[in-house]
Amino acid sequence: MFVLANAAFAQRTIDWSVDEIISPTQLASTASNTTAINVQAVLKLVSGDSAYVGDTVGYQTVIRNINDQVLVAIPNGTLYVKLLTKNMGVGDTMHLNANYNLSVGINASANIKLQVSSLLINRGTINPISLETTTNANNLATANIIWYDKHGWGVGVEEVAQNGLSVYPNPASSLVKVSSLFVSNSSSKIKIVDLQGRVVLEKELDSTNSVDVSSLNAGMYVVEVVSGDIRSTEKLQIVR
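Thresholds, definitions, all that
Residues numbered from 1 in each chain as written. Predicted model: local features only at pLDDT ≥ 70, side-chain atom pairs only at ≥ 80, totals over all residues. Heavy atoms only, no water. Salt bridge = Lys/Arg side-chain N within 4 Å of Asp/Glu carboxyl O. Helix = DSSP H or I, 4+ residues; strand = E, 2+ residues; numbered from the N terminus. Pairing = 2+ DSSP bridges. Axes fitted to C-alpha atoms, helices over the stretch in contact; angles between N-to-C directions. Phe/Tyr/Trp six-rings, centres within 6.5 Å; stacked < 30°, edge-to-face > 60°. Buried < 20%, exposed > 50% of the residue type's maximum accessible area, 1.4 Å probe, protein only. Contact = heavy atoms within 4.5 Å.

A. Representation of the pattern of salt bridges in the model. Evaluated as defined, the whole model comprises five salt bridges. Across the salt bridge formed by D55 and R12, the nearest N and O atoms sit 2.9 Å from each other. With D55 in the loop between β3 (35–48) and β4 (56–65) and R12 in the loop between α1 (2–8) and β1 (14–23), the pair connects residues that are 43 residues apart, well separated along the chain. Sharing partners across several salt bridges, the network here consists of K191, E224 and R231.

Have a look at this one:
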């Protein structure tokens, strides 16, 4: 009985991976400024111990621009979870199928990186799993795809170089204007943060997309604009 009890509570070590991203192969903005995403990926138990019915699969989808800036994380700051419905051994796979609808479109087609990460999460005190992290090479897969605008136009040289957000003039002393690749069904919000992480200005953008920064001290700041599901950032220097 003692041996069986110890076996029942033994720590499991499992190498879990995102083996392949099947879709999407592209994203397409609609005329109503939304973007549907169907994520299909193959998740695999690469090595180690077995996984059991009731173990929890955590997963997240992240869209980055070509400079590796995070544009949107689904969900943001956490993981979606689903329970395993079958036991899995080394080499076994499961199919992930998730649908999302972003409340934002893109003004000009752009190259992006779509990433899917997944972890097999501890199911409790019985046969707990040693937790991996999404920094492990095989817990994260990347697909380089194009996010098309509502016209379906291709990616131009200028769009490839864009960071998703432009702030000008930069350096600035009084009024700055922001321009984003993204267009949202909801109002855009701007936040300016100093290098200590303090929010020094926050407001909704009006139709001019301009912000008065004359009250800010000279120095470097980070401008963050949220348009629907998309979060873009850019550095801004204030001079006096």
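Still more ground to cover, so stick around.
B. Summary view of unusual backbone geometry. With omega at 10 degrees, the peptide bond leading from S23 into P24 counts as cis. The residue P24 is located in the loop between β1 and β2 (27–28) in this model. Each neighbour pair has its own omega, and for I74 with P75 the value is -10 degrees, a cis peptide bond. Tracing the backbone shows P75 in the loop between β5 (70–74) and β6 (80–83). The phi angle at N33 is positive, at roughly 60 degrees, despite the residue not being glycine. Within the secondary structure layout, N33 lies in the loop between β2 and β3.

C. Structural view of the sheet that holds strand β11 (residues 165–168). With respect to topology, three strands assemble into an open sheet ordered β11-β12-β16, the strand pairing being antiparallel. Looking along the sheet, the strands with just one partner apiece sit at the ends: β11 and β16 (210–212). Strand-to-strand, the axes of this sheet are offset by a mean angle of 25 degrees, without reference to chain direction. Bridging between strand β12 (residues 175–180) and β16 involves three bridges; their strand directions are antiparallel. Counterpart to V176 in the pairing with β16 is V211.

D. Highlighting the packing of aromatic side chains. Tallied over the full model, the rule gives three aromatic pairs. Ring centres of Y59 and Y80 lie 5.8 Å apart, and the angle between their planes is 40 degrees; this geometry places the pair in the tilted category. Of this pair, Y59 sits in strand β4 while Y80 sits in strand β6; the two residues are 21 residues apart in sequence, bridging distant segments of the chain. Aromatic ring contacts, followed pair by pair, group Y59, Y80 and Y100 into a single cluster.

E. Layout of the sheet that holds strand β15 (residues 199–204). Spatial ordering of the open sheet is given by β15-β14-β17-β18, a layout of four strands whose pairing is antiparallel. Since the sheet does not close on itself, it has two edges, and those belong to β15 and β18 (230–238), each with one partner. Within this sheet the neighbouring strands show an average axis-to-axis angle of 20 degrees, counted without direction. As defined by bridge partners, strand β14 (residues 189–194) adjoins strand β17 (residues 219–227) across six bridges and the pair is classed as antiparallel.

F. Here's a closer look at the side chain of N33. The class for N33 is buried, based on a relative accessible area of 17%. Beyond its immediate chain neighbours, meaning those up to four positions away, N33 contacts L102, S103, V104, G105, V183 and N185.

G. Focus on the environment of E20. Here E20 is to be found in strand β1. On the basis of relative accessibility, which here comes to 42%, the residue E20 falls in the partly exposed class. Considered as a pair, E20 and L140 are 120 residues apart in the sequence and their alpha carbons are 9.6 Å apart. Apart from the residues lying within four places of it in its own chain, the contact partners of E20 are Q40, A41 and V42.

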